[in-house]
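# Structural description and commentary
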Amino acid sequence: MEIVSPNFADLKTPNIEIKTFPDGDSYVRIVDIEKYSNKSATVFHRLYPNQNSSIIQVLLIIKTLTEVKCKVNLVSPYIPYSRQDKTFLEGESKSAKFICELLAEAGVQELTTFDCHFLKKPGRATYGGLQINNISLGKELIEHAAKKFKEEFVTITPDQGASYLNPEGHNMKKKRGSYDASDSKSVYRNIEELSFDFDVSGKNILIVDDMISTGGTMLKAVENIRKAGARKIACAAAHGFFLKDSFERLSSVSDFLFVSDSIPSKVSEVSIMPHIK
Ligand code: R5P
């Protein structure tokens, strides 16, 4: 049995109601709830964009189902807060772990997701008490690039953490600085260095990462690889947020750019659908 949220409408037909009260609270209604009683169901619900309200919505969906003793599996293609899996300063919240704990405590039997940042490899794992099936789109992203390049290319990941996406290619070394003290509201850490020691001169290059958020990593990678004499440069990622003007900037410096439909965008050219049918 499938429960499909309205925020999954591009891939499946929604069959539950999610609305918003005038004050912003989320409203969830599972139509014909009794038919899920003592059954198993898979919930398809994106947790991004609008991650904070989406998390509350999924908790309400899961709790409503478990109240009728339904066993719930969850498909959420991207897990928000996944980059805060470590603390850098004393007292910081381990957000990634706490979100997983919330989902496990609510009653999720297994979460299926894609290129989960803190797992750094595909397969099944338990994190914060949550059973996770982490699927990597690395192979599909590289195959899609091959169709677009139509000639030889070398694949590069812009940091060690994403190297599993590209087991046969090269990795750059990324060094981030400390939090920007001039912006008291933001916790972004600038990229201080993105270095590599392999030859890209005259070659076609695909840069593949788990996510493009502000685009800072990709833009720096393109800049450095371009300076070193690369021919065509393509950018790809499993998850594309394209914050601020990063879509326009990356489009203008790369030969082509694409992501998956884990988060819908204008360049969602690789689909997660074959994995979640
Ligand atoms: C970092 O470890 C990730 O793999 C990505 O490289 C990073 O999160 C991308 O963020 P941004 O686009 O803001 O540089």
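Cut-off values and rules
Sequence positions are assigned chain by chain, starting from 1 and proceeding in written order. Per-residue local features are limited, in this predicted model, to residues with pLDDT of at least 70; the limit for side-chain atom pairs, both in listing and counting, is 80 or more; totals at the level of whole chains, interfaces and linings are taken over all residues. To get the side-chain values, all heavy atoms of the structure are used, and hydrogens and water are removed first. Summary of the distance rule: residues count as near a molecule or strand when at least one heavy atom falls within 4 Å of that molecule or strand. Here a polar contact is taken to be a pair of N or O atoms separated by no more than 3.5 Å, where protein atoms must pair a possible hydrogen donor with a possible acceptor and residues adjacent in sequence count only if both atoms sit in side chains. Note on areas: Shrake-Rupley, 1.4 Å probe, and residue coverage restricted to the protein chains presented here. Helix and strand labels come from DSSP, where a helix needs a run of H or I of at least four residues and a strand needs a run of E of at least two; each type is numbered from the N terminus. Ten residues, namely Ala, Val, Leu, Ile, Met, Phe, Trp, Tyr, Cys and Pro, are considered nonpolar, four, namely Asp, Glu, Lys and Arg, are considered charged, and the remaining ones, Gly among them, are considered polar. Interaxial angles span 0 to 180 degrees and are taken between N-to-C directions of axes, which are lines fitted to C-alpha atoms, for helices over the stretch in contact. Any angle from 65 to 115 degrees is called roughly perpendicular, while one under 35 is roughly parallel, one over 145 is roughly antiparallel, and all others are oblique. Two helices cross in a left-handed way if the nearer one is turned anticlockwise from the farther one by less than a right angle. They cross in a right-handed way if the turn is clockwise. The criterion used for residue contact is that any of the two residues' heavy atoms lie within 4.5 Å. Only protein chains enter the accessibility calculation, which uses a 1.4 Å probe. A residue is then buried if its area is under 20% of the maximum for its type, exposed if over 50%, and partly exposed in between. Only Phe, Tyr and Trp rings take part, Trp by its six-membered ring, and two of them pair if their centres are within 6.5 Å. Stacked means planes under 30 degrees apart, edge-to-face means over 60, and tilted covers everything else. Only lysine NZ and arginine CZ atoms are considered, and such an atom sits over a ring when it is within 6 Å of the ring centre and within 35 degrees of the ring normal. Side-chain atoms within 4.5 Å link the members of a nonpolar core, which is a set of buried Ala, Val, Leu, Ile, Met, Phe, Trp, Tyr and Cys residues.

Here the focus is the site of the ligand. Neighbouring residues of the ligand: 15 residues in total, closest Asp209, Asp210, Thr214, Gly215 and Thr217. In this structure, an oxygen atom belonging to the ligand sits 2.8 Å away from a main-chain N or O atom of glycine 215. Contact distances for the ligand include 2.5 Å between an oxygen atom and a side-chain N or O atom of threonine 217. About the coverage of the ligand: the protein hides 93% of its 380 Å² of free accessible area. Those elements that provide at least two residues to the shell around the ligand are strand 11 (173-179), strand 13 (205-212) and helix 4 (216-227). It is strand 13 that contributes the most residues to the shell around the ligand, four residues altogether. Across the shell around the ligand, the residue classes tally to three nonpolar, six polar and six charged.

Attention now goes to the packing of helix 1 (residues 51-67) against helix 2 (residues 95-106). Their axes nearest at 9 Å, the elements helix 1 and helix 2 cross at an angle of 20°. Relative to helix 2, the element helix 1 is oriented roughly parallel. Crossing of helix 1 against helix 2: the hand is right-handed. On helix 2, the residues touching Ile55, Val58, Leu59, Ile62, Lys63 and Thr66 of helix 1 are Ile99, Leu102, Leu103, Glu105 and Ala106. In terms of residue class, the contact of helix 1 with helix 2 is built from eight nonpolar, one polar and two charged.

In this structure, lysine 71 sits in strand 5 (residues 71-75). Put simply, lysine 71 and arginine 249 are 178 residues apart on the chain and 45 Å apart in space, counted from C-alpha to C-alpha. With residues up to four places along the chain from it excluded, the contact list for lysine 71 reads Lys39, Ser40, Ala41 and Gln109.

The next point concerns the packing of helix 4 against helix 5 (residues 246-253). In the contact formed by helix 4 and helix 5, the axes pass within 10 Å of each other and the chain directions differ by 15°. Taken together, the axis directions place helix 4 and helix 5 in an arrangement best described as roughly parallel. The chirality of how helix 4 crosses helix 5 is left-handed. Residues Met218, Leu219, Val222 and Arg226 of helix 4 touch helix 5, and the partners they reach there are Arg249, Leu250 and Val253. Tallied by class, residues from the contact of helix 4 with helix 5 come to five nonpolar, no polar and two charged.

In this fold, serine 213 is placed in the loop between strand 13 and helix 4. Taking relative accessible area as the criterion, serine 213 reaches 11% and is therefore assigned buried. Serine 213 has contacts with Arg83, Phe241, Phe242, Leu243 and Ser246, leaving out every residue within four places of it along the chain.

One pass over the full model with this rule turns up 12 aromatic pairs. Arranged with centres 4.0 Å apart and planes meeting at 20°, the rings of phenylalanine 118 and tyrosine 127 form a pair that is stacked. The burial state of phenylalanine 118 is the same as that of tyrosine 127; both residues are buried. In textbook terms, an aromatic cluster arises when at least three aromatic residues are bridged by ring pairs, as seen for Phe149, Phe153, Phe256 and Phe258. Cation over ring: lysine 12 sits above phenylalanine 44, and NZ or CZ is 4.6 Å from the ring centre. Directly above the aromatic system of phenylalanine 88 lies the positively charged group of arginine 189, at a separation of 4.3 Å from the ring centroid.

Ile3, Ile61, Leu65, Leu103, Phe118 and Ile132 are the most contacted members of the largest nonpolar core, which has 32 residues in total. Contributions of two or more residues to this core are made by strand 4 (40-44), helix 1, strand 5, helix 2, strand 6 (108-114) and strand 8 (130-135). Looking at this core element by element, the count peaks at six residues for helix 1. For isoleucine 3, the contacting residues outside a window of four places in its chain are Asn15, Ile16, Ile30, Tyr36, Ala41, Thr42, Val43, Phe44, Ile61 and Leu65. If you look at the next biggest cluster of nonpolar residues, it comprises 24 residues, including Ile156, Met172, Leu194 and Val267.

All right, on to unusual backbone geometry then. Here the bond from tyrosine 48 into proline 49 is cis, since omega is 0°, no more than 30 degrees from zero. Topologically, proline 49 is positioned in the loop between strand 4 and helix 1. Phi angles above zero are rare outside glycine, and lysine 69 is one such case at about 60°. Locating lysine 69 in the fold gives a position in the loop between helix 1 and strand 5. Judged by its relative accessible area of 59%, lysine 69 is exposed.

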